[in-house]
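Per-entry structural report
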Amino acid sequence: MTPAELGWLRRGACRTSDAELFFPLSPTPGQEARAKAVCSGCDVLADCREYAMRAGETEGIWGGMTPDERRRARWAVSLQ
Ligand code: SF4
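What you see is a predicted model, and the numbers here were worked out from it, not measured in a lab. (Residues numbered from 1 in each chain as written. Predicted model: local features only at pLDDT ≥ 70, side-chain atom pairs only at ≥ 80, totals over all residues. Heavy atoms only, no water.)

1. Notes on the UniProt feature "binding site: [4Fe-4S] cluster" (unreviewed entry) in the chain
Rule in force here: UniProt positions are given in the numbering used here, feature names are shortened, and annotations may be inferred rather than shown by experiment. In what follows, a contact means two residues having at least one pair of non-hydrogen atoms within 4.5 Å. Only runs of H or I of at least four residues qualify as helices and only runs of E of at least two qualify as strands under DSSP, and these elements are numbered from the N terminus.
Per the UniProt annotation, the sites labelled "binding site: [4Fe-4S] cluster" (unreviewed entry) are Cys14, Cys39, Cys42 and Cys48. Maximum C-alpha separation among the annotated residues is 11.1 Å over a sequence range of 35 residues, consistent with a single clustered spot. Look past the residues within four positions of Cys14 in its chain and what remains in contact with it is Phe22 and Val38. Among the secondary structure elements, Cys48 is positioned in helix α3 (residues 45–55). The contacts of Cys48, once residues within four sequence positions are left out, are Trp8, Trp62 and Gly63.

Below, the structure written as structure tokens:
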């Protein structure tokens, strides 16, 4: 993916958030919910989710989804 194709990332609601919220080394209670709350108000949620699903991102919250949620969604799509 080229930098131009990731241009949407500059418009992400998380651009001013602490990266630890989206990529925690040690998740804390409520961390996932707080990250998802940021995503829920993000203008580029669909772009972000599509990228993470297509790229197979295995870490972090992308597009309001955890790695496990993305893995399950990919698995569900593979059964169709
Ligand atoms: S959907 Fe979430 S992770 Fe993706 S750019 Fe928006 S705020 Fe950031």
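2. Overview of the UniProt feature "domain: 4Fe-4S Wbl-type" (unreviewed entry) in the chain
The feature "domain: 4Fe-4S Wbl-type" (unreviewed entry), as annotated in UniProt, sits at residues 13–72 in this numbering. End-to-end, the C-alpha atoms of residues 13–72 are 25 Å apart, and along that stretch the chain is 52% helix and 0% strand.

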